[in-house]
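Residues per chain are reported as follows:
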Amino acid sequence: QVQLDESGGGLVQPGGSLRLSCAASRSIFLFNAMGWYRQAPGKERELVAGITSDGSTNYAESVKGRFTISRDNAKNTVALQMNSLKPEDTAVYYCNGRTRVTNTDYWGQGTQVTVSS
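Everything numeric here is computed off the predicted structure, so don't read it as measured data.

Caption draft 1: Structural context of the sheet that holds strand β7 (residues 67-72). With respect to topology, four strands assemble into an open sheet ordered β1-β3-β8-β7, the strand pairing being antiparallel. Single-partner strands in this sheet number two, and they are β1 (4-7) and β7. The sheet shows a mean angle of 15° between the axes of neighbouring strands, taken without regard to direction. Alignment of strand β3 (residues 18-24) against strand β8 (residues 77-82), held across six bridges, turns out to be antiparallel.

Written out as structure tokens, the structure is:
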């Protein structure tokens, strides 16, 4: 079993920045890919950014150029740097890891990000 713990959410004004962090209880090499998803009220959960074990990244069109995902293999963490935040970025953000062999998804408990003046 693997636990993913998110931190770094909060309230920020439009145009501001936040950095989310996800700490895994085991080596993140367990995961073929990790990512950040978000879910706004009344909407489906969507992929925001993903990163593979070899460092390849992908982003939702709505966050390209504003968000950056990174991983620190030594610390077993994945981070999401969010700049130029907009009110439409308001959501609960979840960390995800998908294992290599069984493609099992692990999720964190979520962290609230609110962008408002």
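Caption draft 2: Highlighting the pairing of strand β11 (residues 111-115). Side chains of β11 alternate between two faces, with Thr111, Val113 and Val115 buried and Gln112 and Thr114 left unburied. Bridge count between strand β2 (residues 10-12) and β11: three bridges; the pairing is parallel. Bridge pairing in β11 places Val12 opposite Val115. With three bridges connecting them, strand β9 (residues 91-99) and β11 associate as antiparallel partners. Of the residues in β11, the one forming a bridge with Tyr93 is Thr111.

Caption draft 3: Fine view of the environment of Thr102. Position of Thr102 among the secondary structure elements: in the loop between β9 and β10 (105-107). A polar side-chain atom of Thr102 sits 2.9 Å from a polar atom in the side chain of Thr99. At 2.7 Å, the side chain of Thr102 and the side chain of Thr104 are in polar contact.

Caption draft 4: Highlighting the packing of aromatic side chains. For the structure on display, the rule yields two aromatic pairs. Aromatic side chains Phe31 and Tyr106 sit 6.2 Å apart centroid to centroid with 65° between the ring planes, which places their arrangement in the edge-to-face category. In this pair, Phe31 sits in strand β4 (residues 31-39) while Tyr106 sits in strand β10, placing the two residues 75 residues apart along the sequence. The class of Phe31 is buried, set by a relative accessible area of 0%. Look at Tyr37 and Trp107: their rings are 5.0 Å apart centre to centre, the planes differ by 70°, and that puts the pair in the edge-to-face class. Placement of the pair is Tyr37 in strand β4 and Trp107 in strand β10, with a sequence separation of 70 residues. Over the ring of Tyr94 we find Arg45; its NZ or CZ atom is 3.8 Å from the centre of that ring. Positioned over the ring face of Trp107 is Arg45, at 4.6 Å from the centre of the ring.

Criteria and cut-off values
- Residues numbered from 1 in each chain as written.
- Predicted model: local features only at pLDDT ≥ 70, side-chain atom pairs only at ≥ 80, totals over all residues.
- Heavy atoms only, no water.
- Pairing = 2+ DSSP bridges.
- Helix = DSSP H or I, 4+ residues; strand = E, 2+ residues; numbered from the N terminus.
- Axes fitted to C-alpha atoms, helices over the stretch in contact; angles between N-to-C directions.
- Buried < 20%, exposed > 50% of the residue type's maximum accessible area, 1.4 Å probe, protein only.
- Polar contact = N/O pair within 3.5 Å; in protein donor to acceptor, adjacent residues only side chain to side chain.
- Phe/Tyr/Trp six-rings, centres within 6.5 Å; stacked < 30°, edge-to-face > 60°.
- Lys NZ or Arg CZ within 6 Å of the ring centre and 35° of its normal.

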